[in-house]
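Structural overview
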Amino acid sequence: MTDAEVLAATRLWLEKAVIGLNLCPFAKAVYVKNQVRLVVSKARHADDLLEELDRELDLLVATPAEEIDTTLLIHPTLFDDFLDFNDFLEIAEGVVDEHGLEGVIQLASFHPKFQFEGTEPDDIGNYTNRAPFAMLHLLREDSVERAVEAFPEADAIFEQNIATLEKLGHAGWKALGLEGSAE
């Protein structure tokens, strides 16, 4: 798969699921202003991906939010297994801490086989964090705080997302053309 195909699939997911279903009410504003950096990782090993994460953290912190508010570090091939990716997230969080960015940058994660603890693999609620590829989402804490202040019921977003997906169902998700993030 080419970088262009990876980026196209990621944009489709952002536009149809994240923004289209309003799974993240904060995403549209930064996306339409071109403040979301999409990076396709070339890492062949987890260590290489950690080096890319180092570079992306440095770039995000050094760049004004008006230019890059958030970054999606996309890896289309390295983590087929969700549990391996989930284990990697602990190490990635450690990188954020090593950079002294705890409380400045937070990581969120997406994966084609994302599964919340205590759920079945095909539970529609898992689709809130399903994406076409494994992704690390680097978010500025300041931006998150501003967005939460502007959204009076931010704590209810997760429950609203579950309700949206339950109403949509698996067939509705597939109808969005996001089959790659629904396997």
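In the block above lies the structure referred to throughout.
Residues numbered from 1 in each chain as written. Predicted model: local features only at pLDDT ≥ 70, side-chain atom pairs only at ≥ 80, totals over all residues. Heavy atoms only, no water.

1. Looking at the side chain of glutamate 52
Put simply, the rule reads: Each helix is a run of DSSP H or I of at least 4 residues and each strand a run of E of at least 2, with the numbering of both proceeding from the N terminus. Contact definition: two residues touch when any of their heavy atoms are within 4.5 Å.
Residue position: glutamate 52 is located in helix 3 (residues 46–62). Those residues in contact with glutamate 52, other than ones at most four positions away along the chain, are Ser41, Lys42, Ala43 and Leu73.

2. Examining the environment of lysine 33
Note on placement: lysine 33 falls in the loop between helix 2 (27–32) and strand 1 (36–40). Residues lysine 33 and phenylalanine 133, 100 residues apart in the sequence, show an inter-C-alpha distance of 23 Å.

3. Considerations on the sheet that holds strand 2 (residues 70–75)
The following threshold applies: In short, DSSP must find at least two bridges between two strands for them to pair. Axis definition: a line fitted to C-alpha atoms, limited for helices to the stretch in contact. Angles are taken between N-to-C directions and run from 0 to 180 degrees.
With mixed pairing, the four strands of this open sheet are ordered in space as 1-2-4-3. If you trace the sheet from one side to the other, it starts and ends with strand 1 and strand 3 (105–110), each paired once. Going across the sheet, the axis of each strand differs from the next one's by a mean of 20°, ignoring polarity. Bridge analysis of strand 3 against strand 4 (residues 134–140) gives six bridges, and the strand direction is antiparallel. By the bridge assignment, phenylalanine 110 is partnered in strand 4 with methionine 135. Contacts between helix 4 (residues 82–98) and the sheet are confined to strand 3 and strand 4, with strand 3 contributing the most and set at about 165° to the helix.

4. Considerations on the environment of glycine 103
Convention followed: Under the scheme applied here, a residue whose accessible area is under 20% of the maximum for its type counts as buried, over 50% as exposed, and between as partly exposed, the area being computed with a 1.4 Å probe on protein chains only.
Following the sequence through the fold, glycine 103 ends up in the loop between helix 4 and strand 3. A residue is classified by how much of its surface remains accessible, and glycine 103, at 47% relative accessible area, is partly exposed. With 39 residues separating them along the chain, glycine 103 and aspartate 142 place their C-alpha atoms 8.8 Å apart.

5. What about unusual backbone geometry?
The phi dihedral of asparagine 22 falls on the positive side, at around 60°, and the residue is not glycine. By the secondary structure assignment, asparagine 22 is in the loop between helix 1 (3–19) and helix 2. Taking the relative accessible area as the measure of exposure, asparagine 22 reaches 43% and is therefore partly exposed. For asparagine 34, which is not glycine, the phi dihedral falls at a positive 60°. Tracing the chain through its elements places asparagine 34 in the loop between helix 2 and strand 1. For asparagine 34, a relative accessible area of 65% gives the class exposed.

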